[in-house]
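Remarks on the overall topology
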Amino acid sequence: MGLVTDSMRLTQLQGQRSDLNFKISEIVATKSNLINAGDDLTRVGTDYDPDSPVMKMLEQRRAKVKLMEEKLDKQMQKYQIQLQMVEAEYQACKGRLNSEISQEMSYSL
């Protein structure tokens, strides 16, 4: 019975692992776009007087971009921790499954 249960659990863990890897890659792509947007805001801001309303608006936008980057970093860290937990359980389940298979296939005379 453990063989079937571990096989099903292994399949479920593979799905969770794929889902978390996808989420992490989406965060990396989004963060890359934010970094590019922040760089664009920095280049635009060099032409304005530091006290102008346009410069103040640019500073607010830079602050929002930075805040979004921090939120994405926290979310990615959360997903990475979850991925480590899933990976540890995956390895344990895989070990049990291999052990169960070798026990079932061993013949004693």
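Let us look at the structure shown here.

Parameters and conventions
Residues numbered from 1 in each chain as written. Predicted model: local features only at pLDDT ≥ 70, side-chain atom pairs only at ≥ 80, totals over all residues. Heavy atoms only, no water. Helix = DSSP H or I, 4+ residues; strand = E, 2+ residues; numbered from the N terminus. Rg over C-alpha atoms; globule rule 2.2 N^0.38 Å. Buried < 20%, exposed > 50% of the residue type's maximum accessible area, 1.4 Å probe, protein only. Contact = heavy atoms within 4.5 Å. Areas by Shrake-Rupley, 256 points an atom, 1.4 Å probe, with all protein chains shown as cover. Lys, Arg positive; Asp, Glu negative; His and termini not counted. Charge placed at Lys NZ, Arg CZ, Asp CG, Glu CD. Salt bridge = Lys/Arg side-chain N within 4 Å of Asp/Glu carboxyl O. Core = buried A, V, L, I, M, F, W, Y, C linked by side-chain atoms within 4.5 Å. Expected span 1.5 Å × (residues − 1).

1. What about the overall build of the chain?
Each helix and strand counted, the chain has 2 helices and 0 strands in total. Here the C-alpha atoms of the chain give a radius of gyration of 24 Å, more than 25% beyond the 13 Å that 2.2 N^0.38 yields for 109 residues. Its C-alpha atoms give the chain principal-axis dimensions of roughly 90 × 15 × 15 Å. Buried positions account for 22% of the 109 residues belonging to the chain. The contacts in the chain between residues at least 6 apart in sequence include a share of 78% that link residues at least 24 apart. Counting every atom, the chain has about 8100 Å² of accessible surface; 57% of that belongs to carbon and sulfur. In the chain, which carries 15 positive and 16 negative side-chain charges, the distance between the mean positions of the two groups comes to 3 Å.

2. Describing the pattern of salt bridges
This model, assessed by the stated rule, comprises 6 salt bridges. A salt bridge links D19 to K23; the shortest N-O distance between them is 3.4 Å. With D19 and K23 both in helix α1 (residues 2–45), this residue pair falls 4 residues apart, about one helical turn. Residues E59 and R62 are paired through a salt bridge, measuring 2.3 Å at the closest nitrogen-oxygen approach. Here R62 and E59 lie together in helix α2 (residues 53–105), a separation of 3 residues that amounts to about one turn. Residue E59 is classed as partly exposed on the basis of its relative accessible area of 39%.

3. Focus on the side chain of D6
For D6, the position within the fold is in helix α1. Exposure remark for D6: the relative accessible area of 7% places this residue in the buried category. Contacts of D6, omitting those with residues within four sequence positions, involve C93, R96, L97 and E100.

4. Topic: the environment of G38
Looking at the element boundaries, G38 is found in helix α1. Classification of G38 as buried rests on a relative accessible area of 13%. Residues G38 and S106 lie 68 residues apart in sequence; the distance between their C-alpha atoms is 62 Å.

5. Side note on the nonpolar core
By size, the foremost hydrophobic cluster in this structure holds 18 residues, and its most contacted members are L10, L13, L20, I24, I27 and Y79. Here this core gets 11 residues from one element, more than from any other, and that element is α2. Once you skip the residues sitting within four places of it in the chain, L10 turns out to touch Y90, C93, K94 and L97.

6. Describing α2
With 53 residues, α2 extends 76 Å between its outermost C-alpha atoms, agreeing within 8% with the 78 Å of an ideal straight helix rising 1.5 Å per residue. Among all positions of α2, only M55, L58, R62, V65, L72, M76, Y79, L83, V86, Y90, C93 and L97 are buried.

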